[in-house]
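# Coordinate analysis (summary)
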Amino acid sequence: MADQLTITSPDDWHVHLRDEQMLERVVADTARAFRRAIVMPNLRPPVTTVAAARAYRERIQAACPAELDFTPLMTAYLTDDIPCEEIESGFREGVFTAAKLYPANATTNSAAGVTDLLRIDSVLDCMARIGMPLLIHGEVTDADVDVFDREATFIERHLKPLTLRHPDLRIVFEHITTEQAVDFVGSADQNLAATITPHHLHINRNAMFAGGLRSDFYCLPVAKRERHRLALRKAATSGDARFFLGTDSAPHERSGKETSCGCAGIFNAPHALESYAQVFDEENALDCLEAFASRNGPAFYRLPVNSDCITLKRRDQLVPELVDGLVPFHAGQILSWTIV
Ligand code: DOR
Ligand code: ZN
């Protein structure tokens, strides 16, 4: 059994870095392990212009400790009436790496999201033409659809028709949580990929209700039944190039989690790579960690892989109850891998 693992440095293809003081608190947690990260645009107000993305990128760089080599990759927040020209010029100028589709009101700060995919059809045409990836929060928002069925329903109602309407559009189905999503991505062509979070590999929906209501395990899309978790573990550790790392680390203040209507989001950045390593180890698939964490993402985004390496050692570490006042994923637990 390998006790040490050296892989090409990984990237995080989906993270929430927030802004202002929260940004300063969390950016190093991501930058310590990941060379690049796709940064979500769901700020208040959302990042809908090239100028806003440029300014946000500068704030991230300013907040990141100088000794860490970290490149934030910015995303545009799609709205019903975002102009094609804004998306295209941002992509061509190297400011926008991708654009993010939040169905309106699907999750945190998504009120300005898209109300009907048909309204952005010309933007999607443009993105397909220029090769710009579309990142999708894949849940329907209809109140009459059970919260645990929202992802599977999104595939049928929206994602399948979308891939038929725009076969050349390159799509990342973000933070998938169901076997339906695994199957759909697995049977699609190379234009469709998916990110998988550490928490959806570790917990099923029971975690939210273990002995009481545990908001620290509440995120969107919510964790599903055990059989879905097992399907995600199989996909992530399979070596299939369409599945890659995206933590969806989403920090919230304690006051936002410890309340009668708590925010969705799990803060996993401080130990994300070790958390994934544990899953790959448990699945006897450590040899596939590098593909998932460091190769498949750059291949999909058509970016070079990182040129340096990171080493993990099989060494227990106790995850603290709090990291900078925030409850990290795995708080109080022992992880069996440590970054050297
Ligand atoms: O759990 C989540 N938190 N899911 C999302 O889609 C958004 C995120 C956040 O911004 O807090
Ligand atoms: Zn997210």
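Treat the numbers as computed from the prediction; the structure is a model and nothing was measured.

### A short note on the packing of helix α10 (residues 272-282) against helix α11 (residues 289-301)
Running from amino to carboxyl end, α10 crosses α11 at an angle of 140 degrees, the nearest separation of the two axes being 9 Å. Seen from α10, the contacting residues are L273, Y276, A277 and F280; seen from α11, they are L289, F292 and A293. Of the residues contributing to the contact of α10 with α11, the split by class is seven nonpolar, no polar and no charged.

### As for the site of ligand 1
Taken together, 13 residues sit near ligand 1, with R18, N42, T107, L220 and H252 positioned nearest. Between an oxygen atom of ligand 1 and a side-chain N or O atom of R18, the distance comes to 2.8 Å. In the environment of ligand 1, a nitrogen atom lies 2.8 Å from a nitrogen or oxygen atom belonging to the backbone of L220. In isolation ligand 1 exposes 290 Å². Once the protein is present, 99% of that is buried. The pocket occupied by ligand 1, as judged from atoms lying within 2 Å of grid points, is the largest cavity. Here the residues of the shell around ligand 1 sort into four nonpolar, seven polar and two charged.

### Some details on the coordination of the zinc ion (ligand 2)
Coordination of the zinc ion (ligand 2) by the protein is provided by H14 (NE2), H16 (NE2) and D248 (OD), with metal-donor distances spanning 2.0 to 2.1 Å. Along the chain, the residues that donate to the zinc ion (ligand 2) are spaced as H-x1-H-x231-D. In this pair, H16 sits in the loop between β2 (12-15) and α1 (20-31) while D248 sits in the loop between β9 (243-245) and α9 (254-257), placing the two residues 232 residues apart along the sequence. For the pair H16 and D248, one class covers both residues: buried.

### Re unusual backbone geometry
With omega at -10 degrees, the peptide bond leading from R44 into P45 counts as cis. Note that P45 resides in the loop between β3 (36-39) and α2 (50-63). Between L220 and P221 the backbone carries a cis peptide bond, its omega angle lying at -5 degrees. Here P221 shows up in the loop between α7 (198-202) and α8 (226-236). Positive phi outside glycine occurs at R18, with the angle close to 60 degrees. Within the secondary structure, R18 sits in the loop between β2 and α1. Owing to a relative accessible area of 13%, R18 belongs among the buried residues under this scheme. For N105, which is not glycine, the phi dihedral falls at a positive 70 degrees. By the element assignment, N105 lies in the loop between β5 (96-101) and α4 (121-130). N105 gets classed as exposed once you look at its relative accessible area, which sits at 57%.

The rules behind each value
- Per chain, residues are indexed from 1 in the order of the written sequence.
- Key to labels: chains lettered from A, ligands numbered from 1, both in the order written.
- With pLDDT at 70 or above as the cut-off, local features in this predicted model cover only qualifying residues; side-chain atom pairs require 80 or more to be listed or tallied, and sums for whole chains, interfaces and linings still use all residues.
- The basis for the side-chain values is all heavy atoms of the structure; hydrogens and waters are excluded.
- Lines are fitted to the C-alpha atoms to define the axes, a helix being fitted only along its stretch in contact, and any angle between axes, read from their N-to-C directions, falls within 0 to 180 degrees.
- Helix and strand definitions follow DSSP, with helices as H or I runs of at least four residues and strands as E runs of at least two, each counted in order from the N terminus.
- Residue contacts are defined here by distance: any two heavy atoms, one from each residue, within 4.5 Å place the two residues in contact.
- Three classes are used: nonpolar for Ala, Val, Leu, Ile, Met, Phe, Trp, Tyr, Cys and Pro, charged for Asp, Glu, Lys and Arg, and polar for all others, with Gly counted as polar.
- Each residue is tested against the molecule or strand, and it is near if at least one of its non-hydrogen atoms lies within 4 Å.
- The definition of a polar contact used here is a pair of N or O atoms within 3.5 Å, where within protein one atom must be able to donate a hydrogen and the other to accept one, and adjacent residues in sequence count solely through side-chain atom pairs.
- To measure how exposed things are, a 1.4 Å probe is used in the Shrake-Rupley method; for residues, cover is taken only from the protein chains shown.
- Here a cavity denotes grid points, spaced 1 Å and computed from the protein atoms alone, that fit a 1.4 Å probe unable to get out, and a pocket denotes an open set having protein on both sides within 12 Å along at least 5 of 7 lines; residues with an atom within 4 Å of a point are the lining.
- A cavity or pocket is said to hold a molecule if more than half of that molecule's atoms lie within 2 Å of its grid points.
- The donor set comprises N, O and S atoms within 2.8 Å of the metal, extended to 3.2 Å for Na, K and Ca; water molecules are omitted, so apparent gaps in a site may simply reflect that omission.
- Exposed residues in this analysis have more than 50% of their type's maximum accessible area, buried residues have under 20%, and partly exposed residues fall in between, with area computed by a 1.4 Å probe over protein chains only.

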